[in-house]
Amino acid sequence: MFCETLMVHEREITDKWMRYFTIYEEYLQKFKNQSVVLWLLGSVEYDILRIWRKYLGALSVIVGIGDIHGYKNNEDDQILVRVGDQTNASFLQSLIDEIGLPDVIVDSSSRDSQDASETFNFLYEKVSKNGIYIVEGLRTIESQDENDLKVEGGSSFLNLCKGLIDALNARHYGAEIDFADVTFSMSFYDSAVVFQKVAWSSDSLKPIMLPAVNKRAVEEIIDFGNRVLSRFRLFWKTGSFFRSGKENG
Amino acid sequence: MLYHDFLTNDQRTIHKWLHYFPIYEKFFNKFINNSVTLWEIGVFKGGSLQMWKRYLGPFAIIVGIDIDSRCKTVEENQIHVRTGDQSDTKFLQSVIDEFGAPDIVIDDGSHRDKDIYTTFNFLYEKVSKNGIYLVEDLHALYMDGTGNDLKDKMEFIDLCKELTECFSDCGHNGCRGRFFEMTYSMSFYDSVAVFQKAERMKGKQGKI
């Protein structure tokens, strides 16, 4: 469990972070002890990179990107730190060229929600085919007053997500949207959105009726029965099992 | 495995999209061999009711709801069918009175926006606290309209979009606070929306 990993670390946990643990467990468990490249974007403590390494295991590579506190130019094994602007596509591309494609993105930068959208637009398609993309710290506007019930307009990243709900169903109304072709799910949690990728094929996107054989057989029997019945009705009406051909004048 | 059960089905006819199975397994797995009440709105040939029974085990109560009274014929041990309109809240209440609050609701009914919306509005808060509310074949809503025009009335999808606001930091106390308090997550798939319920203590999230 992610929690247990932390306990071993004997580290003070902030309430804010705690709420994401169930999400990590749900989506990232499958990467434990696998070769996995995790990118942490945003303002992160160096210590947290170590916790991720402990959780994911000896084959993982943990990359901290952005503002990494407590980093003293002495990288541990499996841990990389790169400083730069995460909204800058060429910076992100240079990281991909250097490190390879990420399997998991955890972007906690979205206090300033604009960041999350730009990074997402560039990076989402680069994530590997069964990868996970998590955006943490969903915010609308800072609410000063607890009784302030307004949610004005919502953040731009949330608005992006709302549009993606339609995009997920795009192929059913004839639109071609790349997002739908690489996405299995988009899920909303307390202050976070999780995207689970998948490589769709036409084989997986179809409705199927089973058992197929029985159904066909049953339909044939019903059809045959109806035909026999209609002959008898005809016989009752006309005294003959066969149409005369003059019925319709 | 549910997918295996589906592919080898030789009982009543089941009609499902293939990619629904990973979704079912993800959310329903925890109910296996528990006392669980599953409602499926839209019975069709009754095959899926039998599938839920096989999947969930001997303590499951499967309730099929359909507007077509002929669906009654698929009743058997553990499987009950009630005839009524999914947008008739009095009828839904009578089913709750009879079988108790559902743990799982699958809306595979009329696939009409208005009905899905009405049923969700009434039934969602009745679902038990760790329950699942799943709406399928949502693509039917998109296909109602003409071509790419998504601005046609889609109350249910619009509601979902509005509800995403709850999950942002200030949404907790805000417009849809009540929804947030009883919801752990809200997930969208091709044609499917899933709501996972939870009971959050107001203002007291988990702490260590």
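Everything numeric here is computed off the predicted structure, so don't read it as measured data.

Considering the overall build of chain B
In terms of regular secondary structure, chain B is built from 8 helices and 8 strands. Across the 208 residues of chain B, 59% fall into the buried class. Considering only contacts in chain B between residues 6 or more positions apart, those separated by 24 or more positions represent 64%. Carbon and sulfur atoms form 49% of the exposed surface of chain B, whose accessible area is close to 8800 Å².

A short note on the nonpolar core
If you look at the biggest cluster of nonpolar residues, it comprises 71 residues, and the most contacted ones within it are W39 and F195 of chain A together with F195 of chain B. The greatest single-element share of this core, amounting to 7 residues, is contributed by helix 7 (residues 156–168) of chain A. Setting aside its immediate chain neighbours within four residues, F195 of chain B contacts F120, Y124, G131, I132, Y133, F156, C160, L163, F179, S185 and M186 of chain B. Core analysis: the next-biggest nonpolar cluster, separate from the first, contains 36 residues, Y20, V43, M51 and V192 of chain B among them.

Re the pairing of strand 8 (residues 183–189) of chain A
Both faces of the sheet carry side chains from a regular strand, because those side chains alternate between them. Residues and elements named next belong to chain A. For strand 8, a buried count of 7 out of 7 residues is recorded, marking the element as mostly surrounded by other parts of the structure. In the sheet, strand 8 pairs with strand 9 (residues 192–197) via 6 bridges, with the strands oriented antiparallel. Each bridged residue has a counterpart across the sheet, and for F188 the counterpart in strand 9 is V193. Between strand 8 and strand 9, which follow one another and run antiparallel, lie 2 residues, and S191 among them has a positive phi close to 65°.

Concerning the side chain of T183 of chain A
All names here are of chain A. Within the secondary structure, T183 is located in strand 8. Classification of T183 by relative accessible area gives buried; the value is 0%. Polar contacts involving the side chain of T183 include one to the main-chain carbonyl oxygen of F179, which spans 2.6 Å. Not counting residues up to four positions away in its chain, the partners in contact with T183 are Y124, L168, Q196, K197, V198 and W200.

Points about the state of the cysteines
Applying the stated criterion to the full structure yields 0 disulfides over all chains. C166 of chain B supplies the cysteine sulfur nearest to C160 of chain B, a cysteine that is in no disulfide, at a spacing of 11 Å.

Details of the packing of helix 3 (residues 21–28) of chain A against helix 4 (residues 46–56) of chain A
Each pair of packed helices can be summarised by the angle the axes make with each other and by the distance between the axes. Residue and element names in this part refer to chain A. Look at helix 3 against helix 4: their axes get within 13 Å of each other, and the N-to-C directions meet at 40°. Classified by the angle between their axes, helix 3 and helix 4 sit oblique to one another. Judged by the sense of rotation from one axis to the other, the crossing of helix 3 with helix 4 is right-handed. Within the contact between the two elements, helix 3 uses Y24, E25 and L28 and helix 4 uses W52, Y55 and L56.

Structural notes on the pattern of salt bridges
Inspection of the entire model under this criterion finds 23 salt bridges over all chains. Between D76 of chain A and R50 of chain A there is a salt bridge, with the nearest N and O atoms lying 2.7 Å from each other. Taken as a pair, D76 of chain A in the loop between strand 4 (68–69) and strand 5 (79–82) and R50 of chain A in helix 4 lie far apart in primary sequence, 26 residues in all. R171 of chain A serves as the salt-bridge partner of D190 of chain B, at 2.7 Å between the closest nitrogen and oxygen. Remark: R171 of chain A occurs in the loop between helix 7 and helix 8 (178–182) and D190 of chain B occurs in the loop between strand 7 (183–189) and strand 8 (192–197); the pair is interchain, linking two chains. The exposure class of R171 of chain A is partly exposed, given its relative accessible area of 23%. Taken together, the salt bridges that share partners define one network made up of K16, E40, D108 and E136 of chain B.

Brief notes about the confidence of the model for chain B
Considering every residue of chain B, the mean pLDDT works out to 90; 88% of them sit at 70 or more. Interface scoring of the predicted complex returns ipTM 0.88; its pTM is 0.85.

Quick word on helix 4 of chain A
Residues of helix 4 of chain A that are buried: Y46, I48, L49, I51, W52, Y55 and L56 of chain A. Of the residues one or two after helix 4 of chain A, G57 of chain A is the one with positive phi, at around 105°.

The rules we used
- Residues numbered from 1 in each chain as written.
- Chains lettered and ligands numbered in written order.
- Predicted model: local features only at pLDDT ≥ 70, side-chain atom pairs only at ≥ 80, totals over all residues.
- Heavy atoms only, no water.
- Helix = DSSP H or I, 4+ residues; strand = E, 2+ residues; numbered from the N terminus.
- Buried < 20%, exposed > 50% of the residue type's maximum accessible area, 1.4 Å probe, protein only.
- Contact = heavy atoms within 4.5 Å.
- Areas by Shrake-Rupley, 256 points an atom, 1.4 Å probe, with all protein chains shown as cover.
- Core = buried A, V, L, I, M, F, W, Y, C linked by side-chain atoms within 4.5 Å.
- Pairing = 2+ DSSP bridges.
- Polar contact = N/O pair within 3.5 Å; in protein donor to acceptor, adjacent residues only side chain to side chain.
- Disulfide = S-S within 2.5 Å.
- Axes fitted to C-alpha atoms, helices over the stretch in contact; angles between N-to-C directions.
- Parallel < 35°, antiparallel > 145°, perpendicular 65-115°, else oblique.
- Left-handed = near helix turned anticlockwise from the far one by under 90°.
- Salt bridge = Lys/Arg side-chain N within 4 Å of Asp/Glu carboxyl O.
- pLDDT = per-residue confidence, 0-100.

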